[in-house]
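If you want the building blocks of each chain, they are given just below.
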Amino acid sequence: MKFNTALLHAGVNKDETNGATHTPIYQSSAFHHASAGELAKIFDNKARGFSYTRVGNPTVEAFEARITKLEGGVASIACASGMAALTNAFLNILRAGDEILSSASLYGGSIDLFRDFEAFGITTRYVHGNDFEEIENAINDRTRAIFAETIGNPKLDVTDIKALAELAHRHGLPLIIDNTVATAFLVRPIELGADIVVNSSSKYINGSSNAISGVLTDSGRFKWDPERYPQLAPYKKFGPYAYTAKLRNGFFRNTGACLAPQNAFLNMLGLETLGLRMQRQCENAMALATWIDENYPGIDVNYLGLASSPWHELAVRQLDNYFGAILTIRVGSREAAFRVIDELKLPYKLSNIGDTKTLVIHPASTIALHNTPEELEEAGVFDDLIRISVGIEDIEDIIEDFKNAFLSLE
Ligand SMILES: *Cc1c(COP(=O)(O)O)cnc(C)c1O
């Protein structure tokens, strides 16, 4: 199945009873069974079935199955948020004393999370995502995972996933990729060698910003060495499902990170148009970036689709035909950035990406407010930078709006 077909048909449809065209919202905390023996089998992983929504739910499972197909893995676990999915992805395999090796160009929430991990003896070492010599030199006998984002935000740099996966595997380490900004529409990290893929489905997957959620997908390929990852050893018998089996029967269940069935349903609705939306949003972003670049020599435009982006060639090689729906512009000063944002009429001024509507934000005074100067530089956040998450509007209207807002720069 190709991408847009898979969005509608891949995975499971859980309404065998009545033939509804959507998997219904199974708004039930628990599931009853005919006998004590049947329930016992489900609890012992000897039979498929549902017992309690914190562990699994048919609506949530339908969403997980579709994401598994789209990302090309063997299993997925949906969580209450992208941050919950990231927390689960790491703590399923890490213990006190372990180290994460991470690209420095990260979503601010992930940097905060890694800081929280320090209280539990898990440290993070930051490197430049595509400096393979630096990464290789930073690996030590405590390193247990390598982490990067497909497209860094708001820096808009691209990780060479294939090369990074090869490096990780040479050292017996799993590569965990946050694919939120690109989505499976632009790239499937597992195809390129990644072992675990995490998506904040609050963004493009949901698409309309009506629910917070996250999902992680296991490639099923990584061979968990029982000496390095002793917690995984009892789950070896599950073969390619070892990682997922451990998570669902352990940390995920015990921390109660589950996704609500209602939100899984909203994500399934959103997923149906992910391809259409992404195509439109990427085309709109390209049109807006090109228009600003050609008409405003004083404004610095950063967009992967422009040849001026340092990551343009890698993006051409790694992404499918499009360059994402986020661009940033530098307008000279913080005051000028505030003026442009305030003059804009259509875009919402808020801290989100991936909505059907165009969104703008001044990262330095908001989402990156608590970052250190070094973190700001690594993340590509400047005082005069505006981030634009381009929506599905008629781009002529968005361009007209920016044209008017840019008058405030004169
Ligand atoms: C938003 C985001 C997250 C966190 O997701 P939530 O659903 O808000 O918890 C993680 N990574 C990236 C790249 C994001 O954009």
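Further up the page is the structure itself.
None of the values given here were measured: they were computed from a predicted structure.

A. Fine view of the site of the ligand. Inspection of the region around the ligand gives 13 residues, with G82, D178, S200, S202 and K203 positioned closest. Here an oxygen atom of the ligand sits 2.6 Å away from a polar atom, N or O, in the side chain of S202. Compared with its free state, where it exposes 380 Å², the ligand has 92% of that area covered by protein. The site holding the ligand turns out to be the second largest pocket. For the shell around the ligand, the element with the most residues is helix α4 (residues 82–91), which contributes three residues. Grouping the amino acids of the shell around the ligand by side-chain chemistry returns five nonpolar, six polar and two charged.

B. Quick peek at the pattern of salt bridges. Tallied over the full model, the rule gives 16 salt bridges. Two residues, E99 and R142, come together in a salt bridge whose shortest N-O distance is 3.8 Å. Residue E99 is located in strand β2 (residues 99–103), and its partner R142 is located in the loop between α6 (132–138) and β4 (143–149); the two are separated by 43 residues in the primary sequence. With a relative accessible area of 33%, R142 lands in the partly exposed category. For R170, the salt bridge is made with E136, and the minimal N-O distance between the two is 3.3 Å.

C. Main features of the packing of helix α3 (residues 58–71) against helix α11 (residues 261–272). Where α3 meets α11, the axes come as close as 8 Å, and the angle between the chain directions of the two elements is 40 degrees. The element α3 and its partner α11 pack so that their crossing is left-handed. Contacts from T59, V60, A62, F63, R66, I67 and L70 of α3 reach α11 at P261, A264, F265, N267, M268 and L271. In the contact of α3 with α11, the residues fall into 10 nonpolar, two polar and one charged.

D. Spatial organisation of the packing of aromatic side chains. Counted under the stated rule, the structure contains 17 aromatic pairs. Aromatic pair F3 and F185: ring centres 5.8 Å apart, planes at 65 degrees, arrangement edge-to-face. Residue F3 is found in helix α1 (residues 3–9), and its partner F185 is found in helix α8 (residues 183–186); the two are separated by 182 residues along the sequence. Looking at F185, the relative accessible area reads 11%, which means it is buried.

E. Broad picture of the side chain of T244. Along the chain, T244 falls in helix α9 (residues 242–249). Given the relative accessible area of 9%, T244 is considered buried. Aside from chain neighbours lying at most four places away, what touches T244 is A75, I77 and D218.

F. Just the sheet that holds strand β8 (residues 300–302), in detail. Across the sheet, five strands lie side by side as β8-β9-β12-β11-β10; this open sheet has mixed pairing. Since the sheet does not close on itself, it has two edges, and those belong to β8 and β10 (348–349), each with one partner. As defined by bridge partners, strand β11 (residues 359–361) adjoins strand β12 (residues 385–389) across three bridges and the pair is classed as antiparallel. Each bridged residue has a counterpart across the sheet, and for I361 the counterpart in β12 is R387. Helix α12 (residues 274–295) rests against β8, β9 (326–330) and β12 of the sheet, and its axis sits at about 20 degrees to β9. Taken strand by strand, helix α14 (residues 334–343) contacts β10, β11 and β12, and its axis lies near 30 degrees from that of β12.

About the thresholds
- Going along each chain's sequence as written, the residues are numbered from 1 onward.
- In keeping with the predicted nature of the model, local features appear solely for residues at pLDDT of at least 70, side-chain atom pairs appear and are counted solely at 80 or more, and the whole-chain, interface and lining totals rest on all residues.
- Computation of side-chain values covers all heavy atoms of the structure but excludes hydrogens and water.
- Near is defined per residue: the residue qualifies when any heavy atom it owns lies within 4 Å of the molecule or strand.
- Pairs of N or O atoms within 3.5 Å make up the polar contacts considered here, provided that, within protein, one atom can donate a hydrogen while the other can accept it, and that residues adjacent in sequence are counted only when both atoms are side-chain atoms.
- Here the accessible surface of atoms and residues is derived via Shrake-Rupley with a 1.4 Å probe, and residues count as covered only by protein chains that are part of the display.
- Using a grid of 1 Å spacing that covers the protein atoms alone, one calls a set of points a cavity when a 1.4 Å probe fits there but cannot get out, and a pocket when the set is open and has protein on both sides within 12 Å along at least five of seven lines; lining residues are those with an atom within 4 Å of a point.
- For a molecule to be placed in a cavity or pocket, more than half of its atoms must lie within 2 Å of the grid points of that cavity or pocket.
- The helix count covers DSSP runs of H or I at least four residues long, the strand count covers runs of E at least two residues long, and both are numbered beginning at the N terminus.
- Residue polarity is assigned by list, with Asp, Glu, Lys and Arg as charged and Ala, Val, Leu, Ile, Met, Phe, Trp, Tyr, Cys and Pro as nonpolar; anything else, Gly included, falls into the polar class.
- Salt bridges are defined by distance alone: a side-chain nitrogen of Lys or Arg within 4 Å of a carboxyl oxygen of Asp or Glu.
- The cut-offs for exposure are 20% and 50% of the maximum accessible area for each residue type, with area from a 1.4 Å probe on protein chains only; residues under the lower value are buried, those over the upper are exposed, and the others partly exposed.
- To obtain an axis, a line is fitted to C-alpha atoms, over the contacting stretch when the element is a helix, and the angle between two such axes runs from 0 to 180 degrees between their N-to-C directions.
- Less than a right angle of anticlockwise turn of the near helix away from the far helix marks a crossing as left-handed, whereas a clockwise turn marks it as right-handed.
- Whether two residues are in contact is decided by their heavy atoms, any of which lying within 4.5 Å being enough.
- Note on aromatic pairs: the rings of Phe, Tyr and Trp (six-membered ring only in Trp) are paired at centre separations within 6.5 Å, and the planes decide the class, stacked below 30 degrees, edge-to-face beyond 60, tilted for the rest.
- Two strands form a pair only when DSSP identifies at least two bridges running between them.

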